[in-house]
Amino acid sequence: DSPPPLAPEPTGALSLEAALAAALLQSPELAANAYEVRAREAALLQAGAFPNPTLELDLEDFGGGGEFSGVDSAQTTLLVGQRIELGGKRAARIALASADRDVAAWDYEVRRIDVLTSTAGTFVDVLAAQERNRLAAEVLGLAREMQGVATRRLRAGIANPAEEIRAGVAVDHEALPLGLPA
């Protein structure tokens, strides 16, 4: 059974629902756990099966000398057997396999919740970073406006040069974390 094809990488604006869906579809841990659940279900089916019958063939007194030469005087015994389980062995085997399957299903569910929680946390972290960048860009714009006002005030002769220098330092301070030119 081949793994399902990977979903294309999301592009553009990404909603939380789309991020969660992509994480569920592309998680290798979840894929492995899903196969484990399927294997445990198959083991449960096998546990409920009756033991296979046995068939034995014994051939004696052949290949010797005299009257025992060849296979004409050989003794052939055919044994057919069927194991009969007593004491609830089959029921116990089924119960154990069922419990194993349930544990695998719960493991899958725990991993699924882990993937969803991790993805949602990362999504919120990205949103917070985007908002910090937006606010920093807004503060940088305001600092540039203040620098422009200080420059105009200096040219008009109603401010001292230190005011313009302070405004330039503020622009540099705000532009540096964004990696933008001042």
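Residues numbered from 1 in each chain as written. Predicted model: local features only at pLDDT ≥ 70, side-chain atom pairs only at ≥ 80, totals over all residues. Heavy atoms only, no water.

## Re the pattern of salt bridges
- Throughout the structure, instances matching the rule amount to seven salt bridges.
- Across the pair Asp-102 and Arg-101 runs a salt bridge, and its minimum N-O distance is 3.0 Å.
- With its nearest N and O atoms 2.6 Å apart, the salt bridge here joins Arg-112 to Glu-109. Within this pair, Arg-112 and its partner Glu-109 are both found in helix α3 (residues 89-156), separated by three residues, close to a single helical turn.
- Residue class for Arg-112 comes out partly exposed when judged on its relative accessible area of 26%.
- Three or more residues are tied together by salt bridges with common partners; here these are Glu-131, Arg-134 and Glu-138. (Salt bridge = Lys/Arg side-chain N within 4 Å of Asp/Glu carboxyl O. Helix = DSSP H or I, 4+ residues; strand = E, 2+ residues; numbered from the N terminus. Buried < 20%, exposed > 50% of the residue type's maximum accessible area, 1.4 Å probe, protein only.)

## Quick look at the environment of Ala-74
- Relative to the helices and strands, Ala-74 resides in the loop between β1 (54-60) and β2 (75-81).
- Under the relative-accessibility criterion, Ala-74 is labelled buried at 18%.

## Some thoughts on the environment of Glu-29
- Turning to its location among the elements, Glu-29 is positioned in helix α2 (residues 28-47).
- As for Glu-29 and Arg-111, which are separated by 82 residues in sequence, their C-alpha atoms are 7.4 Å apart.

## Observations concerning the packing of α2 against α3
- In the contact formed by α2 and α3, the axes pass within 8 Å of each other and the chain directions differ by 170°. By the criterion of interaxial angle, the relationship of α2 to α3 is roughly antiparallel.
- Here the residues of the contact of α2 with α3 are counted per class, giving twelve nonpolar, two polar and eleven charged. (Axes fitted to C-alpha atoms, helices over the stretch in contact; angles between N-to-C directions. Parallel < 35°, antiparallel > 145°, perpendicular 65-115°, else oblique. Nonpolar A, V, L, I, M, F, W, Y, C, P; charged D, E, K, R; others polar.)

## A closer look at the packing of helix α1 (residues 16-26) against α3
- Where α1 meets α3, the closest approach of the two axes is 9 Å, and the angle between their N-to-C directions is 140°. Between α1 and α3, the angle is such that the two are oblique. In this structure, the crossing between α1 and α3 has a hand that is right-handed. In this structure, α1 contributes Leu-16, Ala-19, Leu-20, Ala-23 and Leu-24 to the contact, and α3 contributes Arg-112, Val-115, Leu-116, Thr-119, Ala-120 and Phe-123.
- Looking at the contact of α1 with α3, its residues break down into nine nonpolar, one polar and one charged. (Left-handed = near helix turned anticlockwise from the far one by under 90°. Contact = heavy atoms within 4.5 Å.)

## Side note on a nonpolar patch on the surface
- A cluster of nonpolar side chains, namely Leu-55, Leu-57, Leu-78 and Val-80, defines an oily patch on the protein surface of about 480 Å² accessible area.
- Those elements that place two or more of their residues in the nonpolar patch are β1 and β2.
- Examined against the element boundaries, Leu-78 turns out to sit in strand β2.
- Classification of Leu-78 as exposed rests on a relative accessible area of 55%. (Patch = residues over 30% accessible without salt bridge, like charges linked within 9 Å, V, L, I, M, F, W, Y side chains within 5 Å. Areas by Shrake-Rupley, 256 points an atom, 1.4 Å probe, with all protein chains shown as cover.)

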